[in-house]
Amino acid sequence: MVALEAQLRPCALPRRQCFRRYRTASAHNPRRCTPAAAAESPTSAPSRFVQWLQENGLPEQGVRLETLQRDGASLDTVVASRSALPGDVVLRVPDRLVVTLDRIFHSASLAELLTTSKLSELACLTLYLAYEKKRGTASFWHPFIKELDRLRGKGQQGARSPILWEPWQVEQYLAGSPLVAQVNERMKGIDREYAELDTVWFMAGSLFNQYPYDIPTEQFTPEVFRQAFAAVQSCVVHLQGVPLSQRFALVPLGPPLLTYSSTASAMLRYDPTSREVQLAADRAYRPGEPVLAWCGPQPNSRLLLNYGIVDEANPYDRLPLEAIIPASDPLYSLKRGRLAEQGGGLATQQLFQLSRGATPLPAPLFPFLRLALARTPRDVWAVEFGPGAGPLDGGSEARALGTLRTRLAARLARYPAPAAGVEGDATPDRDPETNARRAAAARLVGIEQQILRAALAQIEALPFGQRDAQGGEDPGAGAPALILD
């Protein structure tokens, strides 16, 4: 979608219902804000978006919108409008103001068929809003769509998803990170969904007959669809305890206006009694403090890809490490059988996750390496899995740990030094969003490097994990029958 400026109109509602405020904030401490003078804030009345919500049944809220100034950029944020205690419902949105697939297709079974066979939920939501946008003010959702246009998927740190970055920014700012490949794969996925749009048009004729427009691929270019997809992706909410046709929802006053946090426990939930999507506070709030919601157990790479944010306190951060026992290994069949019998679900092509902390290497990785590097059938059968599994002997363990150290060191060397887009760069760009992209990328890259360094330190602390004290060849150099990346 092409971004449009928000239209702010004078408030005709009682003063207590006008809950948009404007403040300035530091990018590093958004809670330390100072109110802007009324004379300097001619747009302090609610926007048309907020008026639309109130006119269509939005109940009294425990939150309001505030516009924060961060590094030259304006960011609208949902903050507490009054003091709140844990358990207080601070955000309430009637279901008639929530966009879900069953509402779009008027049939839960059709919604599930389309999203199972053809398009993702995000693509269906995107296509629907794209056609509704063309209806202009005739669409009930017009104010909401204009708000999505204005936000354009910008997260609370001022950046958008890397799928909207310039290709050179992805390659430069995220150099060395696995996220570069993930961005490229997401782009290919969006292209595949774009190619299926016409099929959905014909399958859901009862829906699209109301639109006197061309079929999707003739109406929308791939670039327009990608921008719209990214905007929807940034604000979709995964509701729990609802039918599949309602699990992906677009909730006004939800993200990206609502701040996602990896350490929060508050979640947007559907309450069938009140027929509302609600958010109950998980902590005490003072008026003006940003209200937080849990974003699920997602690593920062996914948070940046989906929402344009990186949470430095994220306990779910991880870095993928793929280990493969190639079919060319002379003992491949024997090793595969051993994994099937004793490996606890491990396969010859296995994706391990390195976590954040002092011991990032997952325990199952070590017996997998011992098995992968075993050179005789006897060694294959000697490898043990499960808690307490130990090395076969000093030589084979040194070879396994040396192989792992060599591969991890090579991964670490992929990152530029210093990393591209370092926060606090001496030559910041004049564009606030460019600076936000560089800062978000720098945070992600820095965390990934920390994980790799911690993994290398963990190896060095293990028995047989040190490099050859006499300066000889690394035991893992040229190790056969294993692919690590």
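Here, every reference points to the structure presented above.
1. Examining the side chain of Q169
Among the structural elements, Q169 can be located in helix α6 (residues 167-173). Sequence-distant contacts of Q169, defined by excluding residues within four places in its chain, comprise L174, T434 and R437.

2. Quick word on the side chain of S234
Following the sequence through the fold, S234 ends up in helix α11 (residues 222-235). Non-local contacts of S234, meaning those with residues more than four positions away in its chain, are made with G153, P255, P256, N306 and Y307.

3. Here we look at the nonpolar core
Of all hydrophobic cores here, the largest spans 121 residues; its most connected members are L125, L174, L250, L279, V291, L361 and L408. It is helix α17 (residues 432-461) that contributes the most residues to this core, 10 residues altogether. Each residue touching L361, except ones within four places of it in the same chain, is listed here: L354, F366, L404, L408, A455, Q458 and I459.

4. Considering the packing of aromatic side chains
All chains considered together, the criterion is met by 14 aromatic pairs. The interplanar angle of 50° and the centroid separation of 5.8 Å between the aromatic rings of Y194 and F225 together place this pair among those described as tilted. Here Y194, found in helix α7 (residues 179-195), pairs with F225, found in helix α11; they are 31 residues apart in sequence, far enough to count as distant. Each member of the pair Y194 and F225 is classed as buried. Between F352 and F368, the ring centres sit 5.5 Å apart and the planes meet at 70°, which makes this aromatic pair edge-to-face. Taken together, the residues F352 in strand β14 (residues 349-355) and F368 in helix α14 (residues 365-372) connect sequence positions 16 residues apart.

5. As for the packing of helix α13 (residues 332-342) against α14
With their axes 10 Å apart at the nearest point, α13 and α14 run at an angle of 155° to one another. Between α13 and α14, the angle falls in the class roughly antiparallel. Of the two possible hands of crossing, α13 and α14 adopt the one that is right-handed. Between α13 and α14, the contacting residues are K335, R338 and L339 on the first element and F368, L371 and A372 on the second. The residue inventory of the contact of α13 with α14, partitioned by class, reads 4 nonpolar, no polar and 2 charged.

6. Digging into the pattern of salt bridges
On inspection of all chains with the given rule, the structure shows 19 salt bridges. E121 serves as the salt-bridge partner of R247, at 2.4 Å between the closest nitrogen and oxygen. Of this pair, R247 sits in the loop between β7 (236-238) and β8 (248-250) while E121 sits in helix α4 (residues 121-134), and the two are 126 residues apart along the sequence. In this structure, the salt-bridge partner of D282 is R283, at a minimum N-O distance of 2.9 Å. Assessed through its relative accessible area of 26%, R283 is described here as partly exposed. What you see here is one network of salt bridges that share partners, running through D76, E147 and R150.

7. Here we look at the environment of R438
Residue position: R438 is located in helix α17. What makes R438 buried here is its relative accessible area of 13%. Taking C-alpha positions, R438 is 8.8 Å from A159, a pair spaced 279 residues apart along the chain.

8. Section: unusual backbone geometry
In this structure, P256 follows P255 across a cis peptide bond, with omega equal to 5°. With respect to the element layout, P256 can be found in the loop between β8 and β9 (259-261). A positive phi angle, near 50°, is found at R152, a position not held by glycine. In this fold, R152 is placed in the loop between α5 (142-151) and α6.

Definitions and cut-offs
- Residues numbered from 1 in each chain as written.
- Predicted model: local features only at pLDDT ≥ 70, side-chain atom pairs only at ≥ 80, totals over all residues.
- Heavy atoms only, no water.
- Helix = DSSP H or I, 4+ residues; strand = E, 2+ residues; numbered from the N terminus.
- Contact = heavy atoms within 4.5 Å.
- Core = buried A, V, L, I, M, F, W, Y, C linked by side-chain atoms within 4.5 Å.
- Buried < 20%, exposed > 50% of the residue type's maximum accessible area, 1.4 Å probe, protein only.
- Phe/Tyr/Trp six-rings, centres within 6.5 Å; stacked < 30°, edge-to-face > 60°.
- Axes fitted to C-alpha atoms, helices over the stretch in contact; angles between N-to-C directions.
- Parallel < 35°, antiparallel > 145°, perpendicular 65-115°, else oblique.
- Left-handed = near helix turned anticlockwise from the far one by under 90°.
- Nonpolar A, V, L, I, M, F, W, Y, C, P; charged D, E, K, R; others polar.
- Salt bridge = Lys/Arg side-chain N within 4 Å of Asp/Glu carboxyl O.

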